[in-house]
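Examination of the molecular architecture
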Amino acid sequence: MTLTTQAGVAPGGWPIVGHTFALLRRPLEFLASLPVQGDLVEIRLGPQRLFVVCCPELTHQVLRDGRTYDKGGPFYGQLRMLAGDGLVTCVYGSHRRQRQLLQPGFTRARLALYATEMSRQLDAALATWRDGQVIDVLSAMNELTTKVTARALFTTPLSPQQSTEFLHTLSALVEGIFLRMIMPAWLRRVPLPVNRRFERALSTTDDLTYEIINAYRRSGVDHGDLLSMMLAARDEHGDALTDTELRDQVVTFWGAGTESTASLLAWSLHLLAEHPDVARRLRAEVDAVLGGRVAGHADVTRLEYTARVLNESLRLYPPAWIITRLLTTETTLAGKTLPAGTILIYSPYLIHRRGDIYPNPSQFDPDRWLPHHTTTLPRGAFIPFGGGNRRCIGDNFAVLEATLALATITSRWHLQPLPGTTTKPQPRTALRPHPLRMQLHHRNTHL
Ligand code: HEM
């Protein structure tokens, strides 16, 4: 089906570089400014023309047709350097087989098992917090989500030191991807510090990943986790995943499962600190449901306001804020005929900030997510986890983890922003709050 909506061109492109500087310097403002130009807006990165999908209907059209709008473009080009042909980055042709092999790791029953481990890790992590301590919130949340991923998905044989090294190298890679995505291709081959760091981190990640896989193979034990499941999985021809495929999946799940959920939690804690009225309502809920104990799987359905806070945080600051697709065949979109090979961008940030869908779009209002409001949202209007056949496989895992974490943290701790600092969105591979240092006050002593 072809929608006939209006196509436009972004103003302000410079000779030779096009919109590269706008996208580098103020990417969020640049993206949010595009919908006035049309539903499909052309931008230029150097000599390359790209098209940004600016309305929910077209976004939905792109997301539900994974064959025509395949994974590709600069974002996935760089991500493939890290995650090879794993589930996030693989193309349409190999996606179905991979998804079928991995989906059993995300059933309701598995999530309930993961929840037990999540609660345990959460309890242990929060036990190390001290009254009056100042924490870097994103680092603390990264540490937490890394431990949860390590324990729930890979009962990792790495030592605590190796786990920390793994976390740091992955962060260096994730940091490098965004910069390398925007750089012209020739600059990626120049031995700049950013490129050298990226390559070093890539080789450390490979070593550590193969160490995990080999340790699993040697022990032959079924750990009841995602990696054991991947080792045992067979496709319809009876074939197992190869070592390279396993490596790509391990890196994929470490990369996809940690920073995104950490950013969601960090943003939520920041937004709560900025909106005391919302924080009060949230505390009333978690006090009634948890009374200070760690949240578990059985609590989730009663944590309704917590869920609304997380949804609103995902709307305002979607961790996956810019994503590319590659057109595999000539297609007409918004009345414009685009040749095969065209790169498209879809952006949850841009769509979530449209005032015609979300009145007062910059306002943090968890009650937007009361059920009677959400029934009128058009398809493609709320896409923090993407959509169609490439929708995030870890969406329920992430929401579960974030719900347990946010509820337990707010039931036990009050996080106070440090005076004199302004937290801003820092668009990297994930959209992070930066800087975000907060002081911890234990709620028993500061009620
Ligand atoms: C708040 C947290 C998260 C956010 C915002 C998020 C966002 C996304 C988005 C937008 C996509 C689709 C990308 C595209 O359209 O190209 C995606 C895919 C994916 N995510 Fe997540 N994600 C989160 C957490 C997780 C977690 C916890 C895991 C694993 C445990 C995970 C694993 C994946 C995988 C493997 C894919 C690829 C799915 C496929 O193509 O079949 N994500 N995620």
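Before any of the text, the structure's been laid out above.
Worth saying up front: this structure is predicted, and the values here are computed from it rather than measured. Positions within a chain are numbered from 1, following the residues in the order the chain's sequence is written. Local features are withheld for residues below a pLDDT of 70 in this predicted model, meaning they are given only at 70 or higher, and side-chain atom pairs are given and counted only at 80 or more; totals for whole chains, interfaces and linings count all residues. In computing side-chain properties, one takes all heavy atoms of the structure into account and sets aside hydrogens as well as water.

1. A look at the nonpolar core
Test applied: Here, nonpolar core refers to any group of buried Ala, Val, Leu, Ile, Met, Phe, Trp, Tyr and Cys residues whose side-chain atoms link them within 4.5 Å. Relative accessibility decides the category of a residue: with a 1.4 Å probe and only protein chains considered, values under 20% of the type maximum give buried, values over 50% give exposed, and everything between is partly exposed. Think of it this way: any DSSP run of H or I at least four residues long counts as a helix, any run of E at least two long counts as a strand, and we number them from the N terminus. Here, residues are in contact when the closest pair of their heavy atoms is within 4.5 Å.
In this structure, Trp 129, Met 141, Phe 253 and Leu 415 are the most contacted members of the largest nonpolar core, which totals 118 residues. The dominant element in this core, judged by the number of residues it contributes, is helix α12 (residues 243-274), at 13 residues. Once you skip the residues sitting within four places of it in the chain, Leu 415 turns out to touch Trp 129, Ile 135, Val 137, Leu 269, Ala 273, Ile 409, Met 438, Gln 439 and Leu 440. Of all hydrophobic cores here, the second largest spans 12 residues; its members include Cys 55, Leu 327, Ala 334 and Leu 344.

2. Focus on helix α7 (residues 137-152)
In an α-helix, one turn spans 3.6 residues, which is why side chains three or four residues apart end up on the same side. As a reminder, the rule being used: One less than the residue count of a helix, multiplied by 1.5 Å, gives the span that helix is expected to have. Polar contact is defined as a pair of N or O atoms within 3.5 Å, subject to the rule that within protein one atom must be able to donate a hydrogen and the other to accept it, and that residues adjacent in sequence are counted only when both atoms are side-chain atoms.
Across its 16 residues, α7 extends 22 Å between first and last C-alpha, which sits within 8% of the 22 Å expected from 1.5 Å per residue. Burial analysis of α7 places 12 of its 16 residues in the buried class, which makes it a mostly covered element. Here α7 has its buried residues at Val 137, Leu 138, Ala 140, Met 141, Asn 142, Leu 144, Thr 145, Thr 146, Val 148, Thr 149, Ala 150 and Ala 152. Of the residues that open α7, the one with a side-chain oxygen 3.3 Å from the backbone nitrogen of Leu 138 is Asp 136.

3. Focus: the site of the ligand
Convention followed: Being near a molecule or strand, for a residue, means having at least one of its heavy atoms within 4 Å of it. Residue type decides the class: Asp, Glu, Lys and Arg count as charged, Ala, Val, Leu, Ile, Met, Phe, Trp, Tyr, Cys and Pro as nonpolar, and the leftover types, Gly among them, as polar.
Not every one of the 30 residues close to the ligand is listed here, only the nearest: Tyr 76, His 95, Arg 99, Tyr 346 and Cys 392. The contact in question runs from an oxygen atom of the ligand to an N or O atom on the side chain of Lys 71, over 2.9 Å. Contact between the ligand and Arg 390: an oxygen atom at 2.8 Å from a side-chain N or O atom of the residue. Take the shell around the ligand: its biggest share by element is 6 residues, from α12. When its residues are assigned to classes, the shell around the ligand shows 18 nonpolar, 7 polar and 5 charged.

4. Thoughts on the pattern of salt bridges
The condition that has to hold: Any carboxyl oxygen of Asp or Glu within 4 Å of a side-chain nitrogen of Lys or Arg constitutes a salt bridge here.
For the coordinates displayed, the defined rule picks out 19 salt bridges. When the shortest N-O distance is used, the salt bridge between Asp 123 and Arg 412 registers 2.9 Å. With a gap of 289 residues between them, Asp 123 in helix α6 (residues 108-127) and Arg 412 in helix α17 (residues 395-412) connect regions that are remote in the sequence. Its relative accessible area of 17% is what places Arg 412 among the buried residues. When the shortest N-O distance is used, the salt bridge between Arg 432 and Glu 259 registers 2.7 Å. Here the residue Arg 432 occupies a position in strand β12 (residues 431-434), and Glu 259 occupies one in helix α12, the gap between them amounting to 173 residues. Through salt bridges with shared partners, a single network forms among Arg 97, Asp 235 and Glu 245.

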